[in-house]
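Architecture and fold: a report
Listed below are the residues making up each chain.
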Amino acid sequence: MDSLIAKADAIKPLNKKRKTDKHDSRAKPGPSTKKSTDADPTATSVAQHTTLPRSLRPSSPPPEDAKKYSHIPNKKLRTHLTRQSTQNARSKKLLKDAELLLTEEAGLMEVEGELEKTWRVGQDEITTAAGQQAAQGRQEWKMDGGPYRTRYTRNGRHIAVVGSKGHVATFDWQTGTIHAELQLRETCRDITFLQDHSHFAVAQKQYVFIYDRDGVELHKLKSHIEPTRLEFLPYHWLLVSIGNPGYLKYQDTSTGQVVVEHRTKLGACHTMCQNPHNAVIHLGHQNGTVTLWTPNLPHPAVRLLAHLGPVASVSVDPSTGGRYMATAGQDGTVKVWDCRNWKGAVRTWNARGGSAVLEWSQKGALAVATGGSVNVYTKPSIQTPFAASVSPPLYLTHPVPHRPLTSVRFCPFQDILAVGHSAGVSTILVPGSGEPNFDSSEADPFENKKARREREVKSLLDKIQPDAITLDPSFIGSLAPEPKLSTAVDGGHDIPYARLPRYERLRVSGKADETEEDRRDGAGASDEEGTNGQGRGALSKAEKEKKKMRGKNKSLKRYLRKQRKNVVDPRALAVRKKLEKEKEERRRARAIASGQEEPHKPSALDRFKRSS
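As a starting point, this report considers the structure included with it. Just so you know, these numbers come straight off a predicted model, no measurement behind them.

A look at the state of the cysteines
- Per the counting criterion, the structure on display carries zero disulfides.
- In this structure C339 is a free cysteine whose sulfur lies 9.1 Å from that of C273, the closest cysteine sulfur available.

Here it is in structure tokens:
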């Protein structure tokens, strides 16, 4: 009996919610395996002088430099903008914390003494001093059918070459695996990859053709006539082409539709590049001008007279967010421009050998291929303002005996420069030109098939609309400026008074003749009845003349205008009062400025004045 009573005392009433072992906060019997940090003197001493990065903390407070929107009366809009600015400020701070994980550094060549120069170092010495993997970038590909143009993928793993006589090839340059090789037997002017190495577009003699990875023709774009240059905007999925007719065309590769086409009105164009920061297209024309184009403007956003002769090459610096642009003309000059203000060239020098071909690297090195050599210049000398036409300090040079040099391309995330010439393609090593740290979510050189598919789907879902392409990308999401004089009354539509139509301005001031509007409405109704066949039939010639003369009597208009003065329109009265108030303020300001009246002195009793 005693044992039964003891068992009954051990049974407790059940709770409404059953607790599981996962949420059970009671201590478990047995020895504790958790070590106390207080007992460890080393951890305690280190914790007093160290802090976790903000990205590793469980919850980070809102940044202090986040912009406030307390002046916005709408609570929902104010909360949305505050949350957006807080996230932007927090992302910038987390980006600084992520720099701790960037272990690789980009280094340029350095010399021991002042008398030694880096441009005297040849490719053989660089290849010997570099590692075995880096030395694989120095290659010579001899091919027939030149001159050749090259293009790399965004991750720098694959390369595509095209010859002017129709030889096309795409391959993985690190492993030497050839994806496709075609002999098109017609003139080819340019080539570019699309979203990845699985598709590429070729600018052939008449049209643009799209091929897959195996070289199978997929599409024939007949809207692109006689193309000369191609560009692909990866964040917008737009294929851009310019040709001999002078039409700049944007085609969406995800839907297959031509988004827009612009008539440049400047003839055939053979030079084009894109700004990777804002996706603006830069074109160089035969009359020496450089124009900047966006899909949402039918005219150039910027027109610049860069050279006295035709423009041979244009390139934009990706290391500075698209701030600097380099141009080369057939007059033999190379100029660097500041895209923030177009007041003049930052630096100008003469290139040996006539027209040059330009290309910027990810770290801001400028490659200039002219004559029979390739010269590389580095920052900050090429971006420092200098009045004289003197060549900046040379960083690296390499002679190429095969003329002409038609293309220069830096390999992303590698210190490699590919030079296209008449006998094939040559790749040279340029130490410090490539970005050493890559973002695997943007471009991963080591991605596999599954990662490539996931990235393609994600980029397609995050595709940006063409209307968002502007010179200033930060303009999107900002608040519109407050309008000046307007006719907004009781929360109505806000339109400046000066931009109203003439009839609306007359109606607000009480001088409009509304009989004309009534007559037009009556004529429109009679026309509709006549066209629909629901009226009484066609009017006779006498009736038409009678209706035509209706409302032409000036005495009747004068009588109606006098009668209309007694009509009270609250909106017109409010606007009229607002205009009279502003007119009085302007008159008083002019009188104070001329000295006829004294300005009003503030008083402590002004707070009790009624606001008019």
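Some words on the pattern of salt bridges
- Evaluation of the coordinates by the stated rule reveals 18 salt bridges.
- When the shortest N-O distance is used, the salt bridge between K249 and E261 registers 3.7 Å. Highlighted residues: K249 in strand β12 (residues 247-252) and E261 in strand β13 (residues 258-263), separated in sequence by twelve residues.
- For K249, a relative accessible area of 10% translates into the label buried.
- Taking the shortest distance from any N to any O, the salt bridge between D462 and K458 comes out at 3.1 Å.

Observations concerning the sheet that holds strand β28 (residues 424-429)
- Read across the sheet, four strands follow the order β1-β28-β27-β26 without closing on themselves; strand pairing throughout is antiparallel. Edge positions in the open sheet fall to β1 (139-142) and β26 (407-410), since each of these has one partner strand only. Averaged over all pairs of adjacent strands, the angle between strand axes in this sheet comes to 15°, irrespective of strand direction.
- Here β1 pairs with β28 via four bridges, running antiparallel. Counted as the bridge partner of W141 is V425 from β28.

So, the nonpolar core
- V161, W173, V376, L417 and V430 are the most contacted members of the largest nonpolar core, which has 32 residues in total.
- When contributions to this core are tallied by element, the ones reaching two or more residues are β2 (148-152), β3 (158-163), β4 (167-172), β23 (366-370), β24 (373-377), β26, β27 (416-421) and β28.
- Counting residues per element, this core draws most heavily on β27, at four residues.
- The residues contacting V161, other than those within four sequence positions of it, are M143, Y148, R149, T150, H167, V168, A169, F171, I191 and V425.
- Within the second largest apolar cluster, 27 residues are counted, among which are L248, Y250, I281 and L283.

The rules behind these values
- Residues numbered from 1 in each chain as written.
- Predicted model: local features only at pLDDT ≥ 70, side-chain atom pairs only at ≥ 80, totals over all residues.
- Heavy atoms only, no water.
- Disulfide = S-S within 2.5 Å.
- Salt bridge = Lys/Arg side-chain N within 4 Å of Asp/Glu carboxyl O.
- Helix = DSSP H or I, 4+ residues; strand = E, 2+ residues; numbered from the N terminus.
- Buried < 20%, exposed > 50% of the residue type's maximum accessible area, 1.4 Å probe, protein only.
- Pairing = 2+ DSSP bridges.
- Axes fitted to C-alpha atoms, helices over the stretch in contact; angles between N-to-C directions.
- Core = buried A, V, L, I, M, F, W, Y, C linked by side-chain atoms within 4.5 Å.
- Contact = heavy atoms within 4.5 Å.

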